[in-house]
Amino acid sequence: MANRIMLNETSYHGAGAIKEIAAEAKARAFKKAFVCSDPDLIKFGVTAKVTDVLDEAGLAYEVYSDIKANPTIQNVQNGVAAFKKAEADYIIAIGGGSSMDTAKAVGIIIANPEFEDVRSLEGTAPTKNPCVPIIAVPTTAGTAAEVTINYVITDVEKKRKFVCVDPHDMPVIAVVDSDMMSSMPKGLTASTGMDALTHAIEGYTTKAAWEMTDMFHLKAIEIIGKSLRGAVANEKEGREGMALGQYIAGMGFSNVGLGIAHSMAHTLGAVYDTPHGVACAMMLPIVMEYNAECTGEKYREIARAMGVKGVDEMSVEEYRKAAVDAVQQLSIDVGIPAKLEAIKEEDLQFLAESAYADACCPGNPKDTNVEDLKELFRKLM
């Protein structure tokens with residue numbers, strides 16, 4: 001079977017990269033932008049950094065900000081209506097996964113109106129047309145939604161998140177500007193950074209992993225492992241490292257999928273509104289320990305990339321433990337809690353069943369079941 005790699009048509013990296021947006025919009029003869037950005041980014045002037053570039057270039061736009069942290073079906077439906085009313089012809093998504101996921105869903109439905117029922121996009125929907133062109137500008141170093149074919153929507157009514165995987169939703173342009181991430185508060189920097197590390201480690205160990213994606217994932221683990229603490233301390237070098245590391249992780253996992261740390265994190269987000277990165281960080285060491293026996297020598301390379309010394313002299317058990325310990329220590333150092341107080345015994349069955357049905361579950365290196373997932377959730381209590 002052939003291995004497929006899908007990436008952005010164009011990406012810009014480095015401080016000040018947002019200045020390239022105007023030139024790209026003009027070169028592509030775009031007329032009016034539909035700017036998707038969440039209310040907090042507008043309130044704190046982050047969105048304005050991009051709209052100022054559009055204003056200076058005389059480019060028309062309309063801002064849409066009805067976006068929750070875990071974007072809902074309603075957010076998408078309202079966005080579709082607003083896009084049509086704006087008479088825009090491209091989207092600029094500014095934010096973390098929330099803004100970008102909303103933008104992708106809106107862009108797909110506009111181009112494929114037969115999928116206007118948002119739930120019909122779950123899994124690998126057979127859309128026919130590429131979505132409305134998206135220029136993606138991340139403000140968090142974590143989701144890598146700017147270079148992935150995935151997006152996640154929350155079904156409030158059914159208390160679940162659903163994953164949509166569609167090659168037609170890849171942003172045409174990614175603008176990864178570390179200056180856009182400098183206003184991220186410490187807690188958000190930590191949680192989105194751990195989300196990025198989870199992408200890299202799950203992508204490296206997933207069943208579909210192969211040499212090219214291994215290259216991306218190991219480099220991402222190395223960069224994130226040495227940059228996240230500095231980024232949380234708001235050091236320039238750390239911020240720049242995380243901007244690059246999370247993007248490289250996205251280049252890999254978008255093409256091979258993830259595992260049950262993400263399945264379980266999606267479920268915690270849907271039921272308790274746990275921030276996605278926090279849920280990933282809590283689950284990652286637990287899931288790594290569970291999967292260890294099915295990962296061959298990969299944990300040795302994870303430990304090495306995380307900066308552990310002497311891995312070549314270690315036994316299999318030692319380097320597997322070293323890899324898990326290094327990840328756990330990074331999570332502790334950046335202030336992520338190890339327990340989730342909201343979780344209740346009576347919720348475990350529903351949580352486990354939801355995680356088992358999640359689109360990320362089949363990629364896990366170790367075949368799992370509902371009972372095992374219940375026990376893994378129990379470790380958060």
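Residues numbered from 1 in each chain as written. Predicted model: local features only at pLDDT ≥ 70, side-chain atom pairs only at ≥ 80, totals over all residues. Heavy atoms only, no water.

By the naming in an unreviewed UniProt entry, the protein is Lactaldehyde reductase, taken from Dorea acetigenes. UniProt, in its Sequence similarities (unreviewed entry) section for the protein, records the words "Belongs to the iron-containing alcohol dehydrogenase family." (UniProt positions renumbered as here; feature names shortened; annotations may be inferred.)

Draft legend 1. Expanded view of the packing of aromatic side chains. Applying the stated rule across the entire model yields three aromatic pairs. Ring centres of F30 and Y90 lie 4.4 Å apart, and the angle between their planes is 20 degrees; this geometry places the pair in the stacked category. Of this pair, F30 sits in the loop between helix 1 (20–27) and strand 2 (32–37) while Y90 sits in strand 4 (residues 90–95), and the two are 60 residues apart along the sequence. For F30, a relative accessible area of 14% gives the class buried. Taking the centre distance of 5.3 Å and the plane angle of 75 degrees together, the rings of F34 and F83 count as edge-to-face. In this pair, F34 sits in strand 2 while F83 sits in helix 4 (residues 73–86), placing the two residues 49 residues apart along the sequence. Here F34 matches F83 in class, with each residue buried. (Phe/Tyr/Trp six-rings, centres within 6.5 Å; stacked < 30°, edge-to-face > 60°. Helix = DSSP H or I, 4+ residues; strand = E, 2+ residues; numbered from the N terminus. Buried < 20%, exposed > 50% of the residue type's maximum accessible area, 1.4 Å probe, protein only.)

Draft legend 2. Highlighting the nonpolar core. Of all hydrophobic cores here, the largest spans 50 residues; its most connected members are M194, L197, M288 and I302. Broken down by element, the residue count for this core peaks at eight residues, all from helix 7 (residues 211–232). The next biggest cluster of nonpolar side chains, apart from the first, holds 31 residues, and it includes A105, F115, V118 and C131. (Core = buried A, V, L, I, M, F, W, Y, C linked by side-chain atoms within 4.5 Å.)

Draft legend 3. Just the sheet that holds strand 2, in detail. Read across the open sheet, the six strands follow the order 1-8-5-4-2-3; overall the sheet is parallel. Both edges of this open sheet fall to strand 1 (10–13) and strand 3 (60–64), since each of them pairs with a single strand only. Within the sheet, the average angular offset between the axes of one strand and its neighbour, ignoring direction, is 15 degrees. When strand 5 (residues 134–138) meets strand 8 (residues 173–176), the two strands line up parallel, connected through two bridges. Note on strand 8: the bridge partner recorded for I135 is I173. (Pairing = 2+ DSSP bridges. Axes fitted to C-alpha atoms, helices over the stretch in contact; angles between N-to-C directions.)

Draft legend 4. Examining unusual backbone geometry more closely. Phi at A144 is positive, roughly 60 degrees, even though this residue is not glycine. The topology assignment puts A144 in the loop between strand 5 and strand 6 (150–155). Unlike most non-glycine residues, D273 shows phi in positive territory, near 60 degrees. Structurally, D273 can be placed in the loop between helix 9 (260–272) and helix 10 (276–291).

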